[in-house]
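# Inside the fold
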Amino acid sequence: MNLDLPHVSLQTVNFSSNCIYHMSQLKISRLYLFLLLFSLTNVKATAQNTFIYTSDDRPVMRRKELITTCLESFHADRNDTAALAICECQLDNLNRRFSYKQYKKYNHGGLIDIQALLDEDTVVKKAVQNCFTNSNRTMLIQAQGFENDFMDSCFQNIRRNTNKNLDDGNVRNFCSCQLNLIKTKKLSDAKLRELDNPNSLLFYEVMYACGDPFREKGEVTSDWTKDAKNDITGPEVDTVSIITINGLSYVEIKMGSLVQYWLFDTGASDLLINNDMEKTLLQEGVLTQQNYLGTGEYEMANGIVDTCRKYMVKNTSIGKYIVDNVVVAVTDKGKRIIVGRSLLNKFNNWKLDNEKNLLILNK
């Protein structure tokens, strides 16, 4: 018996690390605002850290007011230590870097165009930019201060990564959920990089809390819902014998006229059948054009991605139960048939009794 044939792993292949929205870096132009130019002749420095100075030690701008303006650009205040540290760092890099002549060049009606000033010195510009990018809080600051930009970028990023007919409301809910997680947990950039690992705790926390943004309009979920009981006909509780071979469990299921043993796989999202079984069920009218759901991508246990045809099937028998509205996928790459969560999650709860080789189902 070949027990190494591929089987379904996660239902939606797209819902991997590349679907979690990674916030793009804030545009650097956000960090530079027009700043007040104070009197260059009457200012008397009472403390070295009170002003921003020219390269020849002439005080030109009040540091406290620049800090306030910088924090406002982040929609933050002095209680936000991450934003405050960035502003302090940026002003430290401006201090004593530019000449009086350069400040006057970009003084427009009492306002200094800091962006234009920095464009003259790429070294300083890079250092000022690094204050933000090296803060380890870029994503948190964007989530806290620029929610609309975050939401728009998240929505467009997900849209660009699929050709599916997505549910816009579902995508926006996902983006809002991820935004709130970042803000609530105050996640650092380093922590958020764990989203690149589809096996990490953070990845699954986001996945569990926020759902699948790539779900299409009208797509049937394999998750349990309180209405799932309506799809089950049978007793409140039943026990079904299973067969265990080499650590794998098999359960008897009837679909159409076919009574067969299916590999029991709690990691599979749907039921998986092969081409031969599809042909029989098509002939019997169990699978029809009316209950055809289109195609879906499935990741097999060996990492192979298979595009499978999907159907919504009624009258699937397991033990004393008849179960309706079960999603079945057809693979062209294997012979093994597998029972996954689209059937198991119809039940309020279920468990395997390894000692007695029983599957216990509760309606």
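Reference entry: report on the structure contained in this document.

Calculation rules
- Each chain carries its own residue numbering, running from 1 in the direction its sequence is written.
- Residue-level local features of this predicted model are given only where pLDDT is at least 70; pairs of side-chain atoms are given and counted only at 80 or more, and the full residue set underlies all totals for whole chains, interfaces and linings.
- Side-chain numbers here rest on the full set of heavy atoms in the structure, without hydrogens or water.
- Under the scheme applied here, a residue whose accessible area is under 20% of the maximum for its type counts as buried, over 50% as exposed, and between as partly exposed, the area being computed with a 1.4 Å probe on protein chains only.
- Helix numbering and strand numbering both begin at the N terminus, where a helix is a DSSP run of H or I of at least 4 residues and a strand a DSSP run of E of at least 2.
- Note: two strands are recorded as paired if DSSP finds a minimum of 2 bridges between them.
- Cysteine sulfur atoms are paired as a disulfide whenever they come within 2.5 Å of each other.
- Take a side-chain nitrogen of Lys or Arg and a carboxyl oxygen of Asp or Glu: if they are within 4 Å of each other, that pair is a salt bridge.

## A word on the pairing of strand β18 (residues 358-362)
Along β18, 4 of the 5 residues are buried, which leaves the element largely enclosed by surrounding structure. One ladder, built from 5 bridges, connects strand β7 (residues 237-245) with β18; its direction is antiparallel. Considered in β18, the bridge of Thr239 is made with Ile360. By the bridge criterion, 5 bridges tie strand β17 (residues 349-353) to β18 in an arrangement that is antiparallel. Bridge pairing in β18 places Leu352 opposite Leu359. What sits between the antiparallel neighbours β17 and β18 is a turn of 4 residues, in which Asn357 has the positive phi angle 55°.

## A word on the state of the cysteines
Note on terminology: disulfide describes a covalent bond linking the sulfur atoms of two cysteines. Counted according to the given criterion, the structure contains 4 disulfides. Note that Cys177 is cross-linked by a disulfide to Cys210, the S-S spacing being 2.1 Å. The chirality of the disulfide connecting Cys177 with Cys210 is left-handed, given an S-S dihedral of about -75°. Of this pair, Cys177 sits in helix α8 (residues 168-185) while Cys210 sits in helix α10 (residues 201-210); the two residues are 33 residues apart in sequence, bridging distant segments of the chain. Cysteine pairing in the protein follows 1-2, 3-4, 5-6, 7-8, where each cysteine in a disulfide is numbered by its order in the sequence.

## Topic: the pattern of salt bridges
Scanning all chains against the criterion turns up 15 salt bridges. Measuring nitrogen to oxygen at the nearest pair gives 2.9 Å for the salt bridge that ties Glu88 to Arg63. Placement of the pair is Glu88 in helix α2 (residues 81-94) and Arg63 in helix α1 (residues 63-73), with a sequence separation of 25 residues. Taking relative accessible area as the criterion, Glu88 reaches 28% and is therefore assigned partly exposed. Between Glu120 and Lys105 there is a salt bridge; the shortest N-O distance is 2.7 Å. Residue Glu120 is located in the loop between α4 (114-119) and α5 (122-133), and its partner Lys105 is located in helix α3 (residues 100-105); the two are separated by 15 residues in the primary sequence. Each of Arg63, Glu88 and Asp92 takes part in a single network of salt bridges with overlapping partners.

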